[in-house]
Amino acid sequence: MRRRIKKIYLDYAATTPVDPRVVKVMLPYFSEKFGNTMSLHGFGQEAKQALEESRKVVADLMGAKSREIIFTSSTTESNNLVLKGIAFANKNEGRHIIISSIEHPCIVESAKWLEVQGFEITRLPVNKYGFINPDDVRKAIKKETILVSIIHASNEIGTIQPIKETGKICKEKRVYFHTDAVQSFGKISIDVNKMNIDLLSASSHKMYGPKGVACLFVREGTKIEPILHGGGQESGLRSSTINVPGIVGFAEACKISKKEMKKESQRLIKLRDKLIKGVLEKIKDARLNGHPKKRLPNNTNFWFEFVEGESIVIQLDLLGVAASTGSACSSAKLKPSHILLAIGLRPEEAHGSLRLSLGRWTTEKEINYTLKVLPEIIKKLRKISPFKKND
Ligand SMILES: Cc1ncc(COP(=O)(O)O)c(C=O)c1O
């Protein structure tokens, strides 16, 4: 009889399963309460009410006002809207935008596109842990600067940036401050007012809600242009028929996060630290990428000398463990991660990295199993490594 292989999911940073409690709340909105929020009849009004109640819940989790939340289809869309929408609405004030060197491709590529349109982009360096220096932000801001966009927590190495301090500088200098909080929203506490944030992107599918729905917090009074024009939904900032089931699901995921965040993050930090300690103790020539403590409760990212990340991921998959070399969007490109290069890894080192991201259903047994198979995999791969023959 074939041995049944365990299925262990350690790629929660790529996407999360939808919490069954979320699915339950969404179901009526597919076939019973299916109305279009723009319709005047009862079906429409029922959908509209669900939309507005959901908006309140999502806003509440970040300390925002309901009317400051715009629902979108993805963080890619939210981040495009921020960069392009702020750029075009404020181009008469200036054409300079500051980002970090460890942003997600949807910021990186939007910024590149804006450069072609005549905007100037400054990309701030990070230190070996992946932190920007708020002082660098202060120095980089000039008269023409209209926006600073810094990722809250890195999708690859989990580093949590000094957002509050950076926001304070932007506030003093009267420059809009955006943060991509997709990896942190629902996992650690966020308050847009206390943290001096003007725009914030968050997404449902990274926090046990459905895919196809995300949001953008836009502080009241912010000058921003839409990138989608049409029926005028979402205060004219994001025309499109509203994805009511998705938004209802996103809100339910937020409710659960609010209730369970503290306990869940404490549990995950314990498992995360056990995994980090175990890997570094059991495997020679291994290193942790990112900061040992100032990182997301669910993120680990390692570098192993003489082996390629892709080979580790394939071997782990054969033994039932789903992992990643970095961001899901970049893993198909087979290019070394720009984030790992930014923290100072050489290209060949950046290829030897492995991200194991934990989540709501990760158990200690799964961590123990991973700690058992991973050292064997590294040993096996090092034996056949063209860089080094023997462990
Ligand atoms: C930090 C960060 N920003 C943006 C995105 C893009 O999200 P999506 O592909 O859902 O639009 C991701 C997805 O992995 C992410 O981790």
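One can find the structure itself at the top, above this paragraph.
Residues numbered from 1 in each chain as written. Predicted model: local features only at pLDDT ≥ 70, side-chain atom pairs only at ≥ 80, totals over all residues. Heavy atoms only, no water.

1. Details of the overall build of the protein
(1) Moving on: When helices and strands are tallied, the protein shows 13 helices and twelve strands.
(2) Moving on: Computed over the C-alpha atoms, the radius of gyration of the protein is 22 Å, within 12% of the 21 Å expected from 2.2 N^0.38 for a compact globule of 391 residues.
(3) Moving on: Across the protein, the fraction of contacts at a sequence separation of at least 24, relative to all contacts at a separation of at least 6, is 75%.
(4) Moving on: In the protein, 64 side chains carry a positive charge and 42 a negative one; their mean positions are 4 Å apart. (Helix = DSSP H or I, 4+ residues; strand = E, 2+ residues; numbered from the N terminus. Rg over C-alpha atoms; globule rule 2.2 N^0.38 Å. Contact = heavy atoms within 4.5 Å. Lys, Arg positive; Asp, Glu negative; His and termini not counted. Charge placed at Lys NZ, Arg CZ, Asp CG, Glu CD.)

2. Remarks on the sheet that holds strand β10 (residues 299–304)
(1) Moving on: Across the sheet, which stays open at both edges, the three strands sit in the order β9-β10-β12 with antiparallel pairing between neighbours. On the outer flanks of this sheet lie β9 (286–288) and β12 (353–357), each paired with one strand and no other. Across this sheet, the average inter-strand angle for adjacent strands is 25°, counted without regard to direction.
(2) Moving on: Sheet topology note: the β9/β10 ladder contains three bridges and is antiparallel. (Pairing = 2+ DSSP bridges. Axes fitted to C-alpha atoms, helices over the stretch in contact; angles between N-to-C directions.)

3. A look at empty space enclosed by the protein
(1) Moving on: Per the counting criterion, the structure on display carries two cavities of 30 Å³ or more.
(2) Moving on: By volume, the second largest cavity amounts to about 80 Å³.
(3) Moving on: Forming the walls of the second largest cavity are G186, K187, Y208, M261, E264, S265, L268, P297, N298, L358 and G359.
(4) Moving on: Residues of the lining of the second largest cavity, tallied by class, amount to five nonpolar, four polar and two charged. (1 Å grid on protein atoms, 1.4 Å probe; cavity = no way out; pocket = protein on both sides within 12 Å on 5 of 7 lines; lining within 4 Å. Points joined across faces, edges and corners; volume = space filled by probe spheres on them. Nonpolar A, V, L, I, M, F, W, Y, C, P; charged D, E, K, R; others polar.)

4. Examining the environment of V175
(1) Moving on: Tracing the chain through its elements places V175 in the loop between α7 (163–173) and β6 (176–180).
(2) Moving on: On the basis of relative accessibility, which here comes to 4%, the residue V175 falls in the buried class.
(3) Moving on: Taking the C-alpha atoms as reference points, V175 and L147, separated by 28 residues in sequence, lie 5.6 Å from one another.
(4) Moving on: Beyond its immediate stretch of four places on either side in the chain, V175 contacts I141, T145, I146, L147, V148, C170 and D198. (Buried < 20%, exposed > 50% of the residue type's maximum accessible area, 1.4 Å probe, protein only.)

5. A closer look at a nonpolar patch on the surface
(1) Moving on: A cluster of nonpolar side chains, contributed by V18, V23, L27 and F30, occupies part of the molecular surface with about 330 Å² of accessible area.
(2) Moving on: For F30, the location among the structural elements is in helix α2 (residues 28–31). (Patch = residues over 30% accessible without salt bridge, like charges linked within 9 Å, V, L, I, M, F, W, Y side chains within 5 Å. Areas by Shrake-Rupley, 256 points an atom, 1.4 Å probe, with all protein chains shown as cover. Salt bridge = Lys/Arg side-chain N within 4 Å of Asp/Glu carboxyl O.)

6. Looking at the side chain of S203
(1) Moving on: Secondary-structure assignment places S203 in strand β7 (residues 199–203).
(2) Moving on: Excluding its chain neighbours within four sequence positions, the residues that come into contact with S203 are T75, V182, V213, A214 and F250.

7. Some words on the environment of S100
(1) Moving on: Along the chain, S100 turns up in strand β3 (residues 96–100).
(2) Moving on: For S100 and V148, which are 48 residues apart along the polypeptide, the C-alpha to C-alpha distance reads 8.8 Å.
(3) Moving on: Each residue touching S100, except ones within four places of it in the same chain, is listed here: L124, I132, S149, I150 and I151.
(4) Moving on: Side-chain polar atoms of S100 contact the backbone nitrogen of I102, separated by 3.1 Å.
(5) Moving on: A polar atom in the side chain of S100 sits 2.7 Å from the side chain of E103. (Polar contact = N/O pair within 3.5 Å; in protein donor to acceptor, adjacent residues only side chain to side chain.)

8. Here's the deal with the site of the ligand
(1) Moving on: Every residue close to the ligand is listed here: S74, T75, T76, H104, C106, I151, N155, D180, Q183, H205 and K206.
(2) Moving on: One of the backbone nitrogen or oxygen atoms of T75 is found 3.3 Å away from an oxygen atom of the ligand.
(3) Moving on: Within the contact set of the ligand, an oxygen atom lies 2.5 Å away from a side-chain nitrogen or oxygen of K206.
(4) Moving on: With the chains in place, 89% of the 390 Å² that the ligand exposes on its own is no longer accessible.
(5) Moving on: Within the shell around the ligand, the residues separate by chemical class into two nonpolar, seven polar and two charged. (Near = heavy atom within 4 Å.)

9. A look at the pattern of salt bridges
(1) Moving on: Applying the stated criterion across every chain, the model contains 28 salt bridges.
(2) Moving on: For R21, the salt bridge identified is with D19, shortest N-O distance 2.9 Å.
(3) Moving on: When its relative accessible area of 2% is taken as the criterion, D19 is described as buried.
(4) Moving on: In this structure, E220 engages K65 in a salt bridge whose closest nitrogen and oxygen atoms are separated by 2.7 Å. Note that E220 is positioned in the loop between β8 (214–218) and α8 (244–282) and K65 in the loop between α3 (42–60) and β2 (69–72), a separation of 155 residues in sequence.
(5) Moving on: E220 sits in the partly exposed class, given a relative accessible area of 40%.
(6) Moving on: For K65, a relative accessible area of 40% translates into the label partly exposed.
(7) Moving on: Shared partners join several salt bridges into a network, and the residues in it are D19, R21, E260, E264 and R360.

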